[in-house]
Protein chains: 2
Amino acid sequence: MYWTLVASSPGVTLEIGRGRACRMGVEPGTWSAREGHERERQDMKRQSEEGAGKALGETVGDEIRRLLVDGELVPGQRLSESALGERLGVSRNTLREAFRSLAHEGLVTHRPHRGVFVTTPSLASLIDIYRLRRFIECRALRDAWPGHPAVRRMREAVDQARASREREDWGAVGTHNMAFHAAIVALADSERLDTFYRQLSAELRLAFSGVADPQWLHAPYVEMNQRVLTIFEAGDVDAAATLLEQYLSQSERTVLAAYARDGGPDA
Amino acid sequence: MYWTLVASSPGVTLEIGRGRACRMGVEPGTWSAREGHERERQDMKRQSEEGAGKALGETVGDEIRRLLVDGELVPGQRLSESALGERLGVSRNTLREAFRSLAHEGLVTHRPHRGVFVTTPSLASLIDIYRLRRFIECRALRDAWPGHPAVRRMREAVDQARASREREDWGAVGTHNMAFHAAIVALADSERLDTFYRQLSAELRLAFSGVADPQWLHAPYVEMNQRVLTIFEAGDVDAAATLLEQYLSQSERTVLAAYARDGGPDA
DNA sequence: TTGGATATTATTGTTCAACAATAACGGTGG
DNA sequence: CCACCGTTATTGTTGAACAATAATATCCAA
């Protein structure tokens, strides 16, 4: 059966329905690397080929996100369109599209005619982010259903953080700690809230990247996460939420102090 | 005083400091209209000239946002790059950059190789949005300081909504009602939360646009806003928050019913 | 007629080259 | 030290071109 297509106001068309299924045959096109950074450039292409229907622009965005959390790009850095485009093997236009997404997430800051810069979190940003974390996480924990699937994610995050601490892999400890909090937010069962929280995390991570001493930033909280989880699983959600709030306030003080010392305005 | 520029890893440069101020002389370039939609095209250009350093791409995004809230673009519509670009007088590349921002806000949905569509809010989205509204607004109201400047915005929104109701301008009633709720969120004094809520509002507005009968969607809530405000100003924040929660739940039921009737899957 | 495979077409994805516009830089002269 | 011009590198934007793909139309056989 076929449905008809109804045109409307100029510049737009209204899709009513669609026809039958279609074939999916794909023949990967050849791609020639030129000079320098060939590995990364091929990675981009391959990822885009394997990724199910994802546009190259989005793949580039993911790659830049990775460079950010890996600390290869540090706050304050200017991202030159031509140079970064060359490095990633994409054109300026494609890169600019990726920049727009990243700017919307707050990871980079777009200053017209001046360029795109890795966002330097301000003291006000940190305070704002921590206020929101208390706002969101505590409420999510308090209202949670103890049997929620995300509880399992909380448990896994704590275990993995502990394992990473044994290996003294402080970066991984930070990652798993953050996963613990993301799981708390997931208790609220809101897709939009999860997305929002992911942005907050990414921005917070930027602030961490400037701190000289990641061990003290992450290690102490493994046990605190464990305690929150234990109390929560015991069924005393109010106590768990209260503890979480104290915990977040303490974390905030630590981060603010470290920021003032290492990652301040003189990045 | 001049600071030096320090280069780092390939593809990026690190800006340490900057030189002196610079002149701002601007000579507006000529721009030739060709055929059709000349008014809109010139509007874009003029706005971009007047706007302080805003890139044309962002101006285009704002324009599309306007078309969306004005109902000129309805959910489900496909936005052709060439046609819409022609209509707005911008190139495809510029338009695509604007699309990326809009997609990130959830206003449009990007389906690779298929095009950009005005987002059709699902039932699940509406439920999610309303849950978040209760989550955010009630807490913001409960924790608010009664002397907060946003209280004045709440009052103004109620007054303007009432005035618009007299004129039977239901679209404006909806706008001011939403401004009332945005003001409530502003009580929390969080820049990020405000941005997030703005997105939720925009998405909700999309859902409204498909509803046939805007009067019943907006008119009843003018008085409820008034009551919430009165109780809040009287100092009983808990009662105000409780009333707001009931109010939001009722609104949700109304919207869901209207959605199921008018704006359902058969858009 | 039905169903499935193949060709066609319109659109998106991406690159490239070119130019306009601008901010930063360097110098000059007071 | 400051204000006033050129220079220059970068971003902003365009248009054309081509590749890649989804949707459509065509065809052929059962």
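Residues numbered from 1 in each chain as written. Chains lettered and ligands numbered in written order. Predicted model: local features only at pLDDT ≥ 70, side-chain atom pairs only at ≥ 80, totals over all residues. Heavy atoms only, no water.

A.B. asks: Could you give an account of the overall build of chain A, with specific residues and numbers?
C.D. replies: Within chain A, the regular secondary structure consists of 11 helices and five strands. Burial status across chain A gives 46% buried among its 267 residues. Carbon and sulfur atoms provide 52% of the accessible area of chain A, an area that totals close to 13,700 Å². (Helix = DSSP H or I, 4+ residues; strand = E, 2+ residues; numbered from the N terminus. Buried < 20%, exposed > 50% of the residue type's maximum accessible area, 1.4 Å probe, protein only. Areas by Shrake-Rupley, 256 points an atom, 1.4 Å probe, with all protein chains shown as cover.)

A.B. asks: So what about the packing of aromatic side chains? Which residues, and what values?
C.D. replies: What the rule picks out here adds up to four aromatic pairs over all chains. Relative to B:Y247, the ring of B:Y221 has its centre 5.2 Å away and its plane inclined at 20 degrees; by these criteria the two rings are stacked. Separated by 26 residues along the polypeptide, B:Y221 in helix 10 (residues 220-233) and B:Y247 in helix 11 (residues 237-261) bring together distant segments of the chain. Given the relative accessible area of 6%, B:Y221 is considered buried. One cation-aromatic arrangement involves B:R111 over B:F117; the distance from NZ or CZ to the ring centre is 4.1 Å. The ring of A:F135 carries B:R139 above its face, with NZ or CZ at 5.1 Å from the centroid. (Phe/Tyr/Trp six-rings, centres within 6.5 Å; stacked < 30°, edge-to-face > 60°. Lys NZ or Arg CZ within 6 Å of the ring centre and 35° of its normal.)

A.B. asks: Give me the lowdown on the pairing of strand 5 (residues 115-118) of chain A, citing residues and values where you can.
C.D. replies: All names here are of chain A. In strand 5, alternate side chains face the same way, and those of G115 and F117 on one face and V116 and V118 on the other are all buried. Sheet analysis places strand 3 (residues 77-79) next to strand 5, joined by two bridges and oriented antiparallel. Along strand 5, the bridge assignment pairs R78 with F117. Pairing analysis gives four bridges linking strand 4 (residues 108-111) to strand 5, with the strands arranged antiparallel. (Pairing = 2+ DSSP bridges.)

A.B. asks: Just give me the short version of the side chain of A:E137, but keep the residues and values in it.
C.D. replies: Residues and elements named next belong to chain A. Its place among the elements puts E137 in helix 5 (residues 123-142). At 2.6 Å, the side chain of E137 forms a polar contact with the side chain of H181. Setting aside anything within four residues of it in sequence, one finds E137 in contact with L132, H181, I184, V185, Y197, L244 and L248. (Polar contact = N/O pair within 3.5 Å; in protein donor to acceptor, adjacent residues only side chain to side chain. Contact = heavy atoms within 4.5 Å.)

A.B. asks: Quick one: what's the story with the packing of helix 5 of chain A against helix 11 (residues 237-261) of chain A, residue by residue and with numbers?
C.D. replies: Angle between the axes and distance between the axes: these two values describe a pair of packed helices. Residues and elements named next belong to chain A. Running from N to C, helix 5 and helix 11 point in directions that differ by 165 degrees, and their axes come no closer than 9 Å. Put simply, helix 5 runs roughly antiparallel to helix 11. Seen from above, helix 5 lies across helix 11 with right-handed handedness. Residues belonging to the contact of helix 5 with helix 11 are distributed by class as follows: 14 nonpolar, three polar and seven charged. (Axes fitted to C-alpha atoms, helices over the stretch in contact; angles between N-to-C directions. Parallel < 35°, antiparallel > 145°, perpendicular 65-115°, else oblique. Left-handed = near helix turned anticlockwise from the far one by under 90°. Nonpolar A, V, L, I, M, F, W, Y, C, P; charged D, E, K, R; others polar.)

A.B. asks: Could you give an account of helix 7 (residues 170-186) of chain A, with specific residues and numbers?
C.D. replies: With 17 residues, helix 7 of chain A extends 24 Å between its outermost C-alpha atoms, agreeing within 8% with the 24 Å of an ideal straight helix rising 1.5 Å per residue. Within helix 7 of chain A, 13 of the 17 residues are buried, which leaves the element mostly enclosed by the surrounding structure. (Expected span 1.5 Å × (residues − 1).)

A.B. asks: Provide a residue-level description of the confidence of the model for chain A, including the pertinent values.
C.D. replies: Residues and elements named next belong to chain A. On average, chain A scores 81 in pLDDT, and the residues at 70 or more come to 78%. Mean pLDDT across the elements of chain A ranges from a minimum in strand 1 (residues 6-7), with 33, to a maximum in helix 6 (residues 149-166), with 97. Low pLDDT, under 50, characterises residues 45-51; the predicted model gives this stretch 10 contacts beyond four residues in sequence or across chains. (pLDDT = per-residue confidence, 0-100.)

A.B. asks: Tell me about the environment of B:M154, and please be specific about residues and values.
C.D. replies: All names here are of chain B. Relative to the elements of secondary structure, M154 occurs in helix 6 (residues 149-166). Expressed as a C-alpha distance, the spacing of M154 and I184, which sit 30 residues apart in the sequence, is 7.0 Å. Leave out the neighbours within four places in its chain, and M154 touches L141, F180, A183, I184, L187, L229 and F232.

A.B. asks: Outline the pattern of salt bridges, listing residues and values.
C.D. replies: Scanning all chains against the criterion turns up 38 salt bridges over all chains. The shortest N-O distance in the salt bridge between A:R133 and A:E137 comes to 2.9 Å. Within this pair, A:R133 and its partner A:E137 are both found in helix 5, separated by four residues, close to a single helical turn. By relative accessible area, which is 9% here, A:R133 ends up buried. Put simply, B:E72 and B:R87 hold a salt bridge, and the shortest N to O gap is 3.3 Å. Taken together, the residues B:E72 in the loop between helix 2 (56-69) and strand 3 (77-79) and B:R87 in helix 3 (residues 81-88) connect sequence positions 15 residues apart. Classification of B:R87 by relative accessible area gives buried; the value is 6%. Sharing partners across several salt bridges, the network here consists of A:E81, A:R92, A:R96, A:R100 and B:E97. (Salt bridge = Lys/Arg side-chain N within 4 Å of Asp/Glu carboxyl O.)

A.B. asks: Mind laying out the environment of B:A202, listing which residues take part and the relevant values?
C.D. replies: Locating B:A202 in the fold gives a position in helix 8 (residues 191-209). Separated by 95 residues in sequence, B:A202 and B:L107 have C-alpha atoms that sit 7.1 Å apart.

A.B. asks: Go over the packing of helix 5 (residues 123-142) of chain B against helix 7 (residues 170-186) of chain B, please, and point to the residues and values.
C.D. replies: Residues and elements named next belong to chain B. In contact at an axis separation of 7 Å, helix 5 and helix 7 are set at 60 degrees when each is read in the N-to-C sense. In terms of orientation, helix 5 and helix 7 fall into the oblique class. Viewed along their axes, helix 5 and helix 7 form a crossing whose handedness is left-handed. Each of R133, I136, E137, A140 and L141 in helix 5 lies in contact with helix 7, whose residues at this interface are H181, I184 and V185. Here the residues of the contact of helix 5 with helix 7 sort into five nonpolar, one polar and two charged.

A.B. asks: Which residues make up the side chain of B:S251, and what values go with them?
C.D. replies: With respect to the helices and strands, B:S251 occurs in helix 11. Setting aside anything within four residues of it in sequence, one finds B:S251 in contact with B:Y130 and B:Y221.

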